[in-house]
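A closer look at the structure
Given next are the chains, with one letter for each unit.
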Amino acid sequence: MQIIYEYHDVSSSDRLEQIVAQKLSQLEDRYQFVHRADVFFKTENRSDNDEMCCDIRLSMPGPRIFASTNAENFEAAISETVKDLEDQLRKVKEKMKAR
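Here's what I pulled together on the structure shown here. (Residues numbered from 1 in each chain as written. Predicted model: local features only at pLDDT ≥ 70, side-chain atom pairs only at ≥ 80, totals over all residues. Heavy atoms only, no water.)

**A word on the sheet that holds strand S1 (residues 2-8)**
Taken in spatial order, the four strands line up as S1-S2-S3-S4 in an open sheet, and their pairing is mixed. On the outer flanks of this sheet lie S1 and strand S4 (65-71), each paired with one strand and no other. Geometrically, the sheet is characterised by an average inter-axis angle of 15 degrees between neighbouring strands, direction not taken into account. In this sheet, strand S2 (residues 36-43) lies alongside S1 in parallel orientation, the contact comprising seven bridges. Looking at S2, one finds that Ile 3 is bridged to Ala 37. In this fold helix H1 (residues 14-30) packs onto S1, S2 and strand S3 (52-59), with an angle of close to 145 degrees to the strand it touches most, S1. Each of S2, S3 and S4 is contacted by helix H2 (residues 74-98), which is oriented at about 150 degrees to S4, the strand it contacts most. (Pairing = 2+ DSSP bridges. Helix = DSSP H or I, 4+ residues; strand = E, 2+ residues; numbered from the N terminus. Axes fitted to C-alpha atoms, helices over the stretch in contact; angles between N-to-C directions. Contact = heavy atoms within 4.5 Å.)

Quick look at the structure:
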């Protein structure tokens, strides 16, 4: 799977990229039809402490899927975003089997 990283108002981080690559490789093992991931890291001014945002868009045959999470740190945001994507991928795979 090709992974593209973009940073908005955040300096690039090899550590964050390694975390994302590891989590997405686990998804790729279960859902081989995903061929590209666009990962966006950004900070937002919010009244709560959830200022770190991770957005991930997955490309595959058919419509793309997208998930976004705000958290206190990027690691938590990544984990929650990947969980949301996994739920969406499970539904897509079930629809594919039903056809």
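Right, picking up where we left off after that structure.
**A look at H1**
One turn of an α-helix holds 3.6 residues; hence residues three or four places apart share an orientation. Taking 1.5 Å of rise per residue, the 17 residues of H1 would be expected to cover 24 Å, and the 25 Å separating its terminal C-alpha atoms lies within 8% of that figure. Burial in H1 covers these residues: Leu 16, Ile 19, Val 20, Leu 24 and Leu 27. The arc that holds the buried residues of H1, viewed along the axis, is 115 degrees, so those residues lie on one side. Along H1, the residues that are exposed and aim more than 90 degrees away from the buried face are Asp 14, Gln 18 and Asp 29. Those residues of H1 that are buried lie in contact with S1, S2, S3 and H2. Measuring from the backbone nitrogen of Arg 15 back to the side-chain oxygen at the start of H1 gives 3.4 Å, which picks out Ser 13 as the cap. (Expected span 1.5 Å × (residues − 1). Buried < 20%, exposed > 50% of the residue type's maximum accessible area, 1.4 Å probe, protein only. Arc of directions from axis to C-beta. Polar contact = N/O pair within 3.5 Å; in protein donor to acceptor, adjacent residues only side chain to side chain.)

**Focus on the state of the cysteines**
Going through the model one piece at a time under the given rule, you end up with zero disulfides. Cysteine Cys 54 is unpaired, with the sulfur of Cys 53 as its nearest cysteine sulfur at 7.1 Å. Look at Cys 54 and you get buried, because its relative accessible area is 0%. (Disulfide = S-S within 2.5 Å.)

**Structural notes on the pattern of salt bridges**
One pass over the full model with this rule turns up seven salt bridges. One salt bridge connects Asp 38 with Arg 36, and the closest N-O pair in it is separated by 2.9 Å. Residue class for Arg 36 comes out partly exposed when judged on its relative accessible area of 30%. Asp 87 is the partner of Arg 90 in a salt bridge, and the nearest nitrogen-oxygen pair spans 3.2 Å. Placement of both Arg 90 and Asp 87 in helix H2 is noted, with a separation of three residues, approximately one turn of the helix. One salt-bridge network, in which partners are shared between bridges, spans Arg 36, Asp 38 and Arg 57. (Salt bridge = Lys/Arg side-chain N within 4 Å of Asp/Glu carboxyl O.)

Everything listed is a geometric property; what it means functionally is a separate question.
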